[in-house]
Amino acid sequence: MDLDSRAREVMQDNDLGNYTVPTKGLYPYQWNWDSAFCALGFNTYSEDRAWLEIETLFASQWQSGFVPHIIFHKQDPNYFPGPDVWQSNTSPECTGITQPPVSASMILALWKSGDKRANKARLQAIFPKLVACHRWFYRTRDPLNKGLVLTVHPWETGRDNSPEWDAAARRIDTSEVGTYQRKDITHVNKDMRPLDEEYDRYITLLKFGRATQWDHDRIAKESPFKVIDVCMTMILSRADHDLMLLAEELGEAAIVEELKTRIALTRNNINYLWDDQLKAFCSKDLISGLPSGHITSASFLAFYADVGSQEQREYLLAHLDRIASKVKYLIPSLDPESDRFDSMRYWRGPVWSVVNYLAALGLKECGQSVWAQRILDDTRALVKESGFYEAFCPLTGAGTGGDHFTWTAAIWLYWLDI
Ligand code: GLC
């Protein structure tokens, strides 16, 4: 079977009707940013199904505009921590944290390529929800008023065990975590997953949020883990831009202005995330005020967000060049020269197709088409060699994490299969 048909098969196997799971077993529910990427894949053969994926996600949006990171549509005993642990008190149940807000950007992609007359009513229906989601971020997750996104849980960032969280997470007191049983390592090799001590921190933070009954204002103030995340910041700012284009389509002049102001706010303050020693954009611990000290694939999303000076962009390209000389496949999720680089362990080394897609898109738009093409070629080669894995070893190309993975299949159909 050719890769195109296999990709569709992966998507169909993980499709539960109105939402898709990232992969059966390891991740048996609907995940926020996975669904948004997954819509791109559906869009190559069913516009209707593509829109439905994101519509289902936003059906679980809270009054406040918050969109959960997982929606527990139906119980699955093979996942931990499930709805009984999160206790959201919602229907369907969900988690009380969010994920990188890529949805507006993906809706723009669906809108641009699709039948505008047929999709107009759908755009009109989802648009205010996207606006509410972005406003939630600015109201609840921009403590510095600089257009820079605060995260309160590593799972929120979508980059669970990135070393960017190490220093900030070490402060979390896990002595009250209690006993629990990880299920992820019954599905996937332990060496490819976060460590037990990291899980203790994830669960401790979950319990902290739950004790506030998911009061997002309180969590943002009192959480023992508060980091300004470079990835979420770049993604939100780009999504503001894409939402602005949608607002123009709908003649929403006031919202266009609101978004312009926000885009400018981030652009003017992005230096807060510039680590002048490393010469790269990195996340920053809000409590200690210290930069993470790690160059990751998210550092290169500056192009996607169209932020940073010419000089900063040159430093980033020099890093990319250096990193490219150390690995076979771009972009490793961590600088391979870091002492924490671990080529098979999740966000400490492996290449992720979705981040590659965003980074390459940004580089291309900023006139760096040679780098964009190199990243596209590498991502395509990884899928051709190893299939639809969750992520890939940047040194050998071997698949890591879960197999039969929706977003890798979606990225193949949308971006690589050309
Ligand atoms: C892991 C990843 C996250 C993803 C989720 C479901 O937690 O780190 O980015 O959304 O799995 O695929």
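Source: prediction; values computed, not measured. Each chain has its residues counted from 1, following the order in which its sequence is written. With pLDDT at 70 or above as the cut-off, local features in this predicted model cover only qualifying residues; side-chain atom pairs require 80 or more to be listed or tallied, and sums for whole chains, interfaces and linings still use all residues. To get the side-chain values, take all heavy atoms of the structure and skip hydrogens and water.

What follows is about the site of the ligand. Residues are classed as near a molecule or strand on a simple rule: at least one heavy atom within 4 Å of it. Near the ligand you find Pro 22, Tyr 27, Trp 31, Trp 33, Asp 34, Gln 99, Gly 158, Asp 160, Tyr 346, Trp 347, Phe 405 and Trp 407, and these make up its full shell. Pairing of N or O atoms within 3.5 Å defines a polar contact, subject to two protein rules: one partner must be a possible hydrogen donor and the other a possible acceptor, and residues neighboring in sequence count only if both atoms are side-chain atoms. The contact in question runs from an oxygen atom of the ligand to an N or O atom on the backbone of Gly 158, over 2.6 Å. When the ligand is considered free in solution it has 310 Å² of accessible area, and contact with the protein chains removes 97% of it. Classification convention: Asp, Glu, Lys, Arg as charged; Ala, Val, Leu, Ile, Met, Phe, Trp, Tyr, Cys, Pro as nonpolar; all other residues, Gly among them, as polar. Among the residues forming the shell around the ligand, the class breakdown is eight nonpolar, two polar and two charged. Surface accessibility in these figures is a Shrake-Rupley result with a 1.4 Å probe; residues are shielded only by whichever protein chains are displayed.

Another point: the environment of Lys 129. A helix here means a DSSP run of H or I that spans at least four residues, while a strand means a run of E at least two residues long, and both kinds are numbered starting from the N terminus. Mapped onto the secondary structure, Lys 129 falls in helix α6 (residues 116–140). Taking the C-alpha atoms as reference points, Lys 129 and Phe 341, separated by 212 residues in sequence, lie 39 Å from one another. If we skip the residues at most four places from it in the chain, Lys 129 touches Phe 58 and Gln 61. In what follows, a contact means two residues having at least one pair of non-hydrogen atoms within 4.5 Å.

A few words on the packing of α6 against helix α12 (residues 230–249). Angles run from 0 to 180 degrees between N-to-C directions of axes, and those axes are lines fitted to C-alpha atoms, restricted for helices to the stretch in contact. At a minimum axis separation of 10 Å, α6 and α12 run at an interaxial angle of 140°. One way to sum up the angle between α6 and α12 is to call them oblique. The two elements α6 and α12 meet at a crossing, and its hand is left-handed. Contacts between α6 and α12 involve Lys 116, Leu 123, Phe 127, Leu 130, Val 131, His 134, Phe 137 and Tyr 138 on the former and, on the latter, Met 232, Leu 236, Ala 239, Asp 240, Leu 243, Leu 246, Ala 247 and Glu 249. The class makeup of the residues in the contact of α6 with α12 is twelve nonpolar, one polar and three charged. Comment on the angle field: the value is read as roughly parallel under 35 degrees, roughly antiparallel over 145, roughly perpendicular from 65 to 115, and oblique elsewhere. Whether a crossing is left-handed or right-handed is set by the direction in which the near helix is turned from the far one by less than a right angle, anticlockwise for left-handed and clockwise for right-handed.

It is worth spelling out the packing of helix α5 (residues 103–113) against α6 at this point. Axis separation between α5 and α6 bottoms out at 10 Å; the angle between their running directions is 170°. In terms of orientation, α5 and α6 fall into the roughly antiparallel class. For the pair formed by α5 and α6, the contact residues are Ser 103, Ala 104, Ile 107, Trp 111 and Lys 112 on the first element and Lys 116, Asn 119, Lys 120, Leu 123, Ile 126, Leu 130 and His 134 on the second. In the contact of α5 with α6, the residues fall into six nonpolar, three polar and three charged.

Time to look at the side chain of Thr 151. As for its placement among the helices and strands, Thr 151 is situated in strand β4 (residues 150–151). The class for Thr 151 is buried, based on a relative accessible area of 0%. A polar contact is formed between the side chain of Thr 151 and the backbone oxygen of His 153, at a distance of 3.2 Å. Within polar-contact distance, the side chain of Thr 151 engages the side chain of Glu 156 at 2.9 Å. When sequence neighbours within four positions are dropped, the list of residues in contact with Thr 151 reads Arg 141, Glu 156, Thr 157, Phe 225, Lys 226, Val 227, Asp 229 and Met 232. For the exposure calls, accessible area comes from a 1.4 Å probe over protein chains only, and a residue counts as buried if that area is under 20% of its type's maximum, exposed if over 50%, partly exposed in between.

Attention now moves to the sheet that holds strand β2 (residues 70–72). Pairing between two strands is assigned when DSSP locates at least 2 bridges connecting them. Strands sit in the order β1-β2-β3 across an open sheet of three strands; the sheet is antiparallel. Both outer strands of the open sheet, β1 (30–31) and β3 (93–94), are each paired with one neighbouring strand and no more. Sheet topology note: the β2/β3 ladder contains two bridges and is antiparallel. Counted as the bridge partner of Ile 71 is Cys 94 from β3.

Before going further, it helps to spend a moment on the nonpolar core. With 134 residues, the main nonpolar core has Phe 37, Ile 107, Met 234, Leu 246, Phe 281, Leu 301 and Leu 330 as its most contacted residues. Other than its neighbours up to four places away in sequence, Leu 330 contacts Leu 320, Ile 323, Ala 324, Val 351, Asn 356, Trp 371, Arg 374, Ile 375 and Asp 378. By nonpolar core we mean a set of buried residues, namely Ala, Val, Leu, Ile, Met, Phe, Trp, Tyr and Cys, connected to one another through side-chain atoms within 4.5 Å. Grouped together as the second largest cluster of nonpolar side chains are seven residues, Ala 168, Ile 172, Phe 225 and Val 227 included.

Each aromatic pair joins two rings of Phe, Tyr and Trp (for Trp, the six-membered one) with centres within 6.5 Å, and gets the label stacked for planes under 30 degrees apart, edge-to-face for over 60, and tilted for any other angle. Evaluated as defined, the whole model comprises 27 aromatic pairs. Aromatic pair Trp 62 and Phe 66: ring centres 4.6 Å apart, planes at 65°, arrangement edge-to-face. Consider the rings of Trp 347 and Trp 352, whose centres lie 3.9 Å apart with planes at 5°: the pair is stacked. What makes Trp 347 buried here is its relative accessible area of 2%. Three or more aromatic residues link up through ring pairs in this structure, and these residues are Tyr 27, Tyr 29, Trp 31, Trp 33, Phe 37, Phe 72, Tyr 79, Tyr 346, Trp 347, Trp 352, Phe 405 and Trp 407. Across the ring face of Tyr 346, the terminal group of Arg 193 is positioned such that the distance to the ring centre comes to 4.6 Å. Positioned over the ring face of Tyr 272 is Lys 284, at 4.1 Å from the centre of the ring. We count a charge as sitting over a ring when the NZ of a lysine or the CZ of an arginine lies within 6 Å of the ring centre and within 35 degrees of the ring normal.

A carboxyl oxygen of Asp or Glu within 4 Å of a side-chain nitrogen of Lys or Arg is what we treat as a salt bridge. Counting across every chain of the model gives 30 salt bridges. Note that Arg 122 and Asp 48 form a salt bridge whose closest N and O atoms lie 2.8 Å from each other. You can see Arg 122 sitting in helix α6 and its partner Asp 48 sitting in helix α3 (residues 47–58), a full 74 residues away along the chain. Among the charged side chains, a network of salt bridges with common partners joins Arg 182, Asp 184, Lys 190, Arg 193 and Asp 196.

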